[in-house]
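The chain contents come next:
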Amino acid sequence: MADSLRRLISAESGRVLQEKLESWYRNYENLNRCCEILELSSEIQGQLFAILNETSREGGQYAGVETIKTRLLPWLVPCFSCSSSGRIFETTLTQDLIEKERQLRELSSNQDFQLQELQEELTSTRLKLNQVQQDLKISHAKEKDAQKKLDCLNDYEHQIQMLKDKISILDAEKSLLQSRLARSRSPSPRHRENKSLSPLPLRSCPPGRARRTNASRRACLITRFGDIYDHRRLDAETFLKTYISDVEMVHRIIYIAAVESFHAAKMAYRQFKLRVTETLSLGHTGPESLEDTVLDYIIDHEDLYDVQASVNEVIRSMNINPKVSFPPEIDFIVISTLIRELCRVAFSMQTLVPPLDIAFGIDGELFSETKYHRSFDSDFTAALVAYHVWPALMENDIVIVKGEAVTKRGALWSCRSRSRSRNTNRTRSCSRSRSTSPLLAHHLSRSLSPSPLRNRCLRC
């Protein structure tokens, strides 16, 4: 113990500690000095504890346990209390750390559970989406089937309408033939005598004239057809608009007048040609064929065509047509000028080789760019024809002059509803139309009386 204490004294650690404390006091902001003092103090304490240990082992007057109890332990209590408080603080931190870890584990488990729930919900949603997609495919298939059925129904209705139009045309032809047959069966005695005794007048005309002048006559007739569209049609349209406010009805009246005029002119041409053929076949001799001779005769005697009879036939057909109607104060006789001009042009077109004719048109048909122009008030995105304004001129299924048509969406249904309403109006107007107006009676009386040209023909 003496040696250890002597070495401690000779080391002068206490003096060095005092100097460092004084130096740190002069510059207390320097923490390095504080650390040096703590290191030196710990060395001195270590040497003192070593001396205390040696002294306790050697025994003697100062080596009693009482001294340690009375002097050392009371000094060490505060150190143990500080260390215990440190342990309590460390225990508190450990508990907090454990609690945080538990909370993290709970949060992680909750997140895992929520993630699992979300995955299950996502799987369920995918299953529902697949089911919805399957239902959508089934609904699309049903919709396609329904669309096909609707298209078939529209085709059937279109065919039915075409058949109805054909039936109406055949009815008109039947009525025309019946009226002509009745007139042929009950002629006046003078008419019968003249018809049986006098042949058709023969005028001097060069052979084969029809075929030589076919191109020039064709160009002239096409020009006349265009002039009727540009002038006569507009005049009739303007006149009808003063009595009929429905523009569509005005267009329908003019279009049906054109169609019926061509039909009546073709029927009259067939009868006229048949009569000429029967007459000329009795004494035909010459280099030209009978067909060319008949055609030359018809061209040279077009003034014998009874155009007024065709006009009356057109008006009669329009009176029974369910697609058109007119107010009670007017009659279709007001557009007789247009009808007469159309009948003359149509009759002359039958003498061409090949003949010219108008295209067959029906409401609700598919619009053809090669046949028709669209009217200015048309729906240019619609594919069906609502109604026709003017027919197209054809030559052997080839369009020579385009017509005019109005296209609208839903044309097929609108046409059907309009035809039902017009049938009702036609039923109410039939009783009125049967009583002939004075103007119509005057024209009918003119048609029934033989024309001077017809009397001249019969007298020749």
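Quick summary incoming for the structure in this document. Remember, predicted model here, so these are calculated numbers, not experimental data.

Rules used in this analysis
- Residues numbered from 1 in each chain as written.
- Predicted model: local features only at pLDDT ≥ 70, side-chain atom pairs only at ≥ 80, totals over all residues.
- Heavy atoms only, no water.
- Axes fitted to C-alpha atoms, helices over the stretch in contact; angles between N-to-C directions.
- Helix = DSSP H or I, 4+ residues; strand = E, 2+ residues; numbered from the N terminus.
- Parallel < 35°, antiparallel > 145°, perpendicular 65-115°, else oblique.
- Left-handed = near helix turned anticlockwise from the far one by under 90°.
- Contact = heavy atoms within 4.5 Å.
- Nonpolar A, V, L, I, M, F, W, Y, C, P; charged D, E, K, R; others polar.
- Polar contact = N/O pair within 3.5 Å; in protein donor to acceptor, adjacent residues only side chain to side chain.
- Pairing = 2+ DSSP bridges.
- Expected span 1.5 Å × (residues − 1).
- Buried < 20%, exposed > 50% of the residue type's maximum accessible area, 1.4 Å probe, protein only.
- Arc of directions from axis to C-beta.
- Core = buried A, V, L, I, M, F, W, Y, C linked by side-chain atoms within 4.5 Å.

**Structural notes on the packing of helix H7 (residues 214-241) against helix H11 (residues 336-349)**
It is at 10 Å that the axes of H7 and H11 come closest, and there the two elements cross at 165°. Considering the angle they form, H7 stands roughly antiparallel to H11. Of the two possible hands of crossing, H7 and H11 adopt the one that is left-handed. Contacts from Arg217, Leu221, Arg224, Phe225, Ile228, Arg232, Arg233 and Ala236 in H7 reach Thr337, Leu338, Glu341, Leu342, Arg344, Val345, Ser348 and Met349 in H11. Partitioning the contact of H7 with H11 into residue classes produces eight nonpolar, two polar and six charged.

**Points about the packing of H7 against helix H8 (residues 247-280)**
At their nearest, the axes of H7 and H8 sit 10 Å apart, and the two run at 135° to each other. The pairing of H7 with H8 is recorded here as oblique in orientation. Read as a crossing pair, H7 and H8 show a hand that is right-handed. In this structure, H7 contributes Phe225, Arg233, Ala236, Glu237, Leu240 and Lys241 to the contact, and H8 contributes Val247, Val250, His251, Ile253, Ile254 and Phe262.

**Side note on the side chain of Lys266**
Here Lys266 is to be found in helix H8. A polar contact is formed between the side chain of Lys266 and the side chain of Asp357, at a distance of 2.8 Å. When sequence neighbours within four positions are dropped, the list of residues in contact with Lys266 reads Gln350 and Asp357.

**What about the sheet that holds strand S1 (residues 357-358)?**
Read from one edge of the open sheet, three strands run S1-S4-S5, paired in antiparallel fashion. The strands lining the two open edges of the sheet, one partner per strand, are S1 and strand S5 (398-401). Direction of pairing for S1 relative to strand S4 (residues 393-395): antiparallel, over a ladder of two bridges. Residue pairing for S4: Ile358 is matched across the bridge by Leu393.

**Re helix H2 (residues 13-26)**
Look at H2: 20 Å from first C-alpha to last across 14 residues, which is about the 20 Å you get at 1.5 Å a residue. Those residues of H2 that sit buried are Ser13, Leu17 and Ser23. Considered in projection along H2, the buried side chains sweep an arc of 125° and stay on one side of the axis. Counted as exposed and oriented over 90 degrees from the buried face of H2: Tyr25 and Arg26.

**So, unusual backbone geometry**
Residue Val353 is joined to Pro354 through a cis peptide bond whose omega torsion reads -5°. Structurally, the position occupied by Pro354 is in the loop between H11 and S1. Here Asn396, not a glycine, exhibits a phi torsion of approximately 55°, which is positive. Given the relative accessible area of 56%, Asn396 is considered exposed. You will see that Asp397, though not glycine, has its phi angle at about 65°, which is positive.

**Observations regarding the nonpolar core**
Residues Ile253, Met318, Ile335, Ile339 and Met349 are the most contacted members of the largest nonpolar core, which totals 55 residues. Put simply, the parts of the chain that give this core at least two residues each are H7, H8, helix H9 (290-300), helix H10 (307-319) and H11. Considering every element that reaches this core, the biggest residue donor is H8, with 16 residues. Those residues in contact with Ile335 that sit more than four places away from it in its chain are Ala236, Leu240, Ile253, Ala257 and Met318. Counting residues in each nonpolar core, the second largest holds seven residues, with Ala359, Phe367, Tyr372 and Met394 among its members.

**Quick look at the pairing of strand S6 (residues 403-407)**
For S6, the tally of buried residues reaches five of five residues, placing the bulk of the element in the interior. Here S6 shows a buried face lined by Gly403, Ala405 and Thr407 and a second buried face lined by Glu404 and Val406. The sheet contact formed by strand S2 (residues 372-374) and S6 spans three bridges and is parallel. Following the sheet pairing, His373 is matched in S6 by Glu404. Of the pairings in the sheet, the one linking strand S3 (residues 385-390) to S6 comprises four bridges and is antiparallel in character. Paired with Tyr387 across the bridge in S6 is Val406.

**Concerning the sheet that holds S2**
The pairing of strands in a sheet happens through backbone hydrogen bonds and is either parallel or antiparallel. Pairing within the open sheet is mixed, and its three strands lie in the order S2-S6-S3. The open sheet has two free edges, formed respectively by S2 and S3, since each of these has just one partner strand. Taking the axes of each pair of neighbouring strands and ignoring which way they run, one obtains an average angle of 35° across the sheet.

**Considering the pairing of S5**
Taken together, the three bridges between S4 and S5 define a ladder with antiparallel strand orientation. Residue pairing in the sheet places Met394 in a bridge with Val399 of S5. In this antiparallel pair of consecutive strands, S4 and S5, the connection spans two residues, and Asn396 shows a positive phi of 55°.

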